[in-house]
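Structure at a glance
This is what each chain is made of:
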Amino acid sequence: MKNKCNLYKYIVGQELINKIVSILGKDDITIEIEIDIINILADFVQNNTQYSTMDSFNKLVDAIVDIIESFNNESINAYNDKKYRLSTLIQLLNEFYKNINSIKINLYFYGKDKYNIKDRCFNKKFIHIEHINDYIQKNKDNESNIINVLIVSEETMHCNIDFSLYFDEVIYYDKLMNNMFEITEKIYYENYDYNYLSQSIENCENENLNTLIVGNSYPLTGIDCKLLSCNSVSLALSSQDLYYSYKLAKKIIVKNKNIKNCVIGVGYYLVNHDLSKCKSDYSKNLVKNIYYPILKDKHNSNNVEDVNLLYLKDALKDEVIEYIFNLEFLDYHFRNLIYRENNGYFNKNWTRENNSILRGVKLSLISDDEKYRIGELRANQHNDLSRYTDTSKEYNSIFDEFVFFLKENNIEPIIVVFPSTKYYTKFINKIYENEFYNIISRLNEKYGIKLVDFTKINIFEEDDFIDFDHMSEQGCKKITLLLSDILDNKI
């Protein structure tokens, strides 16, 4: 036994009829558009003879034939009149739509759901089949206006039955879930920082959250939330400036009133860096693809528009799967699963070396002359920021506003300055440090803040860095454990 109905044709047919009725109802429809529509309908009825038992389908077929003949001047009939032709066609299409819309879709699930999501991932109610042979015996003869769909967990139900003999559609659940996960994983890593940050923001809804961490690549590589004794979430990302750190922190703190500490990870050049004014494609893309989609705030950027973010539904493009499954839920479920399995920013697919300008080459393998040469190049990238005096003025104000906001919400601001190697320190503009401490002194006098300057703590070795100013896993552990004691008021 097998029904003649086909779920794909059923879905596409409904969409096509709705679209055509909408076009035919317009006042300005031309004869060229009519001819195109009739050709489309002629192809449709020819390829959907499963509806031939429906009176409304056969009436539609007869009308299409008569209209084609009237267009070809082979006969004179009522369809020579445009108004009659359009109104009759709309009426026949609506009647046929009602008929196919009355077709019943039965959704069955057979097997075990090892993912534990079947109660949430379907758009339609489903019937769980316990014994497939009993079902087959009881359903030998099905009505023609029913489409039976079987979703089978092939990895948990091993049998030799040809399910296609008894169901109109057979979907292999485990294969599909694996495929959708792989698609989502690819999407996730193609725009990794956006997806990581989005998931981290969601993670901040946790009522047990105690500490929020923001900042650039220094806290990203230098603080491991897993090693902190308090419940914390890091929103730090490479090249994140003070403005976006503030906006992200504010977004979270407004919703979560349980946060007690906000760690702001910095370098001395903090108030000289405005990401939204940077000219490189890398910086522009950070605003365009991460901060603007999340915060709807372009700050000082020009020509930032909404980007079309890719989701599972867009990549899959499968009408049947979209009809049966809640792809919005599955997209969220798989992204969240990837985020939780990664358990932090760095993982086997996104390594710490991605944030190193040396791309995994150890400092110990480079000559001293080369270290100083590259260290100077790196320091000069930051030295160039001193030219932007307008940025310094604006970001002084932002820093003040940020700290005021934290204090107003009874949150302790903890400013953490990260260490660097001597190959970088030798060349960095010393004015930065003086300016930074003047700012800290002023803020401390106004609000009272805690400063932890790891550049003043002589415990770091060359192996504590992956390059000239970013921490290795070993260095990160040193900083995090010390910071944990500070947060616990042990130091």
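Below, the structure is looked at part by part. (Residues numbered from 1 in each chain as written. Predicted model: local features only at pLDDT ≥ 70, side-chain atom pairs only at ≥ 80, totals over all residues. Heavy atoms only, no water.)

Each helix and strand in the chain was counted, giving 18 helices and nine strands. In summary, the chain has a C-alpha radius of gyration of 32 Å against a globular reference of 23 Å for 491 residues, an excess of more than 25%. Dimensions of the chain along its principal axes, counting C-alpha atoms only, are 95 × 55 × 50 Å. In the chain, once contacts between residues fewer than 6 apart in sequence are set aside, the share between residues at least 24 apart is 73%. If you sum the accessible surface of the chain, you get close to 25,000 Å²; carbon and sulfur atoms cover 46% of it. (Helix = DSSP H or I, 4+ residues; strand = E, 2+ residues; numbered from the N terminus. Rg over C-alpha atoms; globule rule 2.2 N^0.38 Å. Contact = heavy atoms within 4.5 Å. Areas by Shrake-Rupley, 256 points an atom, 1.4 Å probe, with all protein chains shown as cover.)

What follows deals with the sheet that holds strand β2 (residues 127-129). In space, the four strands of this open sheet follow the order β2-β1-β3-β4, with parallel pairing throughout. Edge strands, defined here as strands with exactly one partner in the open sheet, are β2 and β4 (169-172). Neighbouring strand axes in the sheet, compared pairwise and without regard to direction, differ in orientation by 25° on average. Of the strand pairs in this sheet, strand β3 (residues 146-152) and β4 are connected by four bridges, and their pairing is parallel. Its bridge partner being in β4, I151 is matched across the sheet by I171. Contacts from helix α1 (residues 7-24) reach β1 (104-110), β3 and β4 within the one sheet, and its direction differs from that of β3 by about 120°. Relative to the sheet, helix α6 (residues 173-190) contacts β1, β3 and β4, its axis offset from that of β4 by approximately 55°. (Pairing = 2+ DSSP bridges. Axes fitted to C-alpha atoms, helices over the stretch in contact; angles between N-to-C directions.)

Right, let's get into the pairing of strand β7 (residues 261-266). When you tally the buried positions in β7, you get six out of six residues, the bulk of the element. Burial of the side chains of β7 extends over both faces: N261, V263 and G265 are buried on one face and C262, I264 and V266 on the other. Relative to strand β8 (residues 412-417), β7 is paired through six bridges, and the arrangement is parallel. The partner of N261 across the bridge, within β8, is E412. (Buried < 20%, exposed > 50% of the residue type's maximum accessible area, 1.4 Å probe, protein only.)

With parallel pairing, five strands are arranged side by side in an open sheet as β6-β5-β7-β8-β9. With partners counted over all chains shown, the strands left at the sheet margins are β6 (232-234) and β9 (450-453), one partner each. Shown here is a sheet whose adjacent strand axes are inclined to one another by a mean of 20°, direction ignored. One ladder, built from three bridges, connects strand β5 (residues 211-215) with β6; its direction is parallel. Bridge pairing links T211 to S232 in β6. Its contacts with the sheet place helix α15 (residues 389-408) against β5, β7 and β8, and it is angled at close to 135° to β8.

For the rest of this paragraph, the subject is the pattern of salt bridges. For the coordinates displayed, the defined rule picks out 17 salt bridges. With a shortest N-O distance of 2.7 Å, R373 and E370 are connected by a salt bridge. With R373 and E370 both in helix α14 (residues 368-383) and three residues apart, this pair spans about one turn of that helix. Residue classification places R373 among the partly exposed positions, given a relative accessible area of 44%. (Salt bridge = Lys/Arg side-chain N within 4 Å of Asp/Glu carboxyl O.)

For helix α2 (residues 31-46), built from 16 residues, the straight-helix expectation of 22 Å at 1.5 Å per residue is met to within 8% by its first-to-last C-alpha distance of 22 Å. Residues of α2 that are buried include every one of E34, I37, I38, L41, F44 and V45, and no others. Along the axis of α2, the buried positions cluster into a sector of 120°, meaning they face one direction only. The outward face of α2, more than 90 degrees from its buried face, is lined by the exposed residues E32 and Q46. (Expected span 1.5 Å × (residues − 1). Arc of directions from axis to C-beta.)

Counting 145 residues, the largest nonpolar core has M180, L235, I324, F325, L330 and F399 as its most contacted members. If you tally residues by element for this core, the top one is α6, at nine residues. I324 has contacts with L7, L107, C121, F122, N123, K124, V149, I151 and I171, leaving out every residue within four places of it along the chain. One finds Y108, Y110, I129 and V152 within the second-largest nonpolar core, a separate group that totals ten residues. (Core = buried A, V, L, I, M, F, W, Y, C linked by side-chain atoms within 4.5 Å.)

Relative to each other, α6 and helix α7 (residues 192-203) sit at 100°, their axes nearing to 5 Å. Between α6 and α7, the interaxial angle falls into the category roughly perpendicular. Along the contact surface, α6 presents I187, Y188, Y189 and E190, while α7 presents Y192, N195, Y196 and Q199. Tallied by class, residues from the contact of α6 with α7 come to five nonpolar, two polar and one charged. (Parallel < 35°, antiparallel > 145°, perpendicular 65-115°, else oblique. Nonpolar A, V, L, I, M, F, W, Y, C, P; charged D, E, K, R; others polar.)

Bringing the pairing of β1 into the picture now. Put simply, side chains in a regular strand alternate between the two faces of the sheet. Along β1, five of the seven residues are buried, which leaves the element largely enclosed by surrounding structure. Here β1 runs beside β3; their pairing, made up of seven bridges, is parallel. Paired with L107 across the bridge in β3 is V149. Here β1 runs beside β2; their pairing, made up of three bridges, is parallel. When the bridges of β2 are listed, F109 appears paired with H128.

Attention now moves to the packing of aromatic side chains. Summed over the entire model, instances satisfying the criterion amount to 41 aromatic pairs. A centroid spacing of 5.4 Å and a plane angle of 75° characterise the contact between Y51 and F96, whose relative ring orientation is edge-to-face. Highlighted residues: Y51 in the loop between α2 and α3 (55-71) and F96 in helix α4 (residues 82-101), separated in sequence by 45 residues. The class for Y51 is buried, based on a relative accessible area of 2%. (Phe/Tyr/Trp six-rings, centres within 6.5 Å; stacked < 30°, edge-to-face > 60°.)

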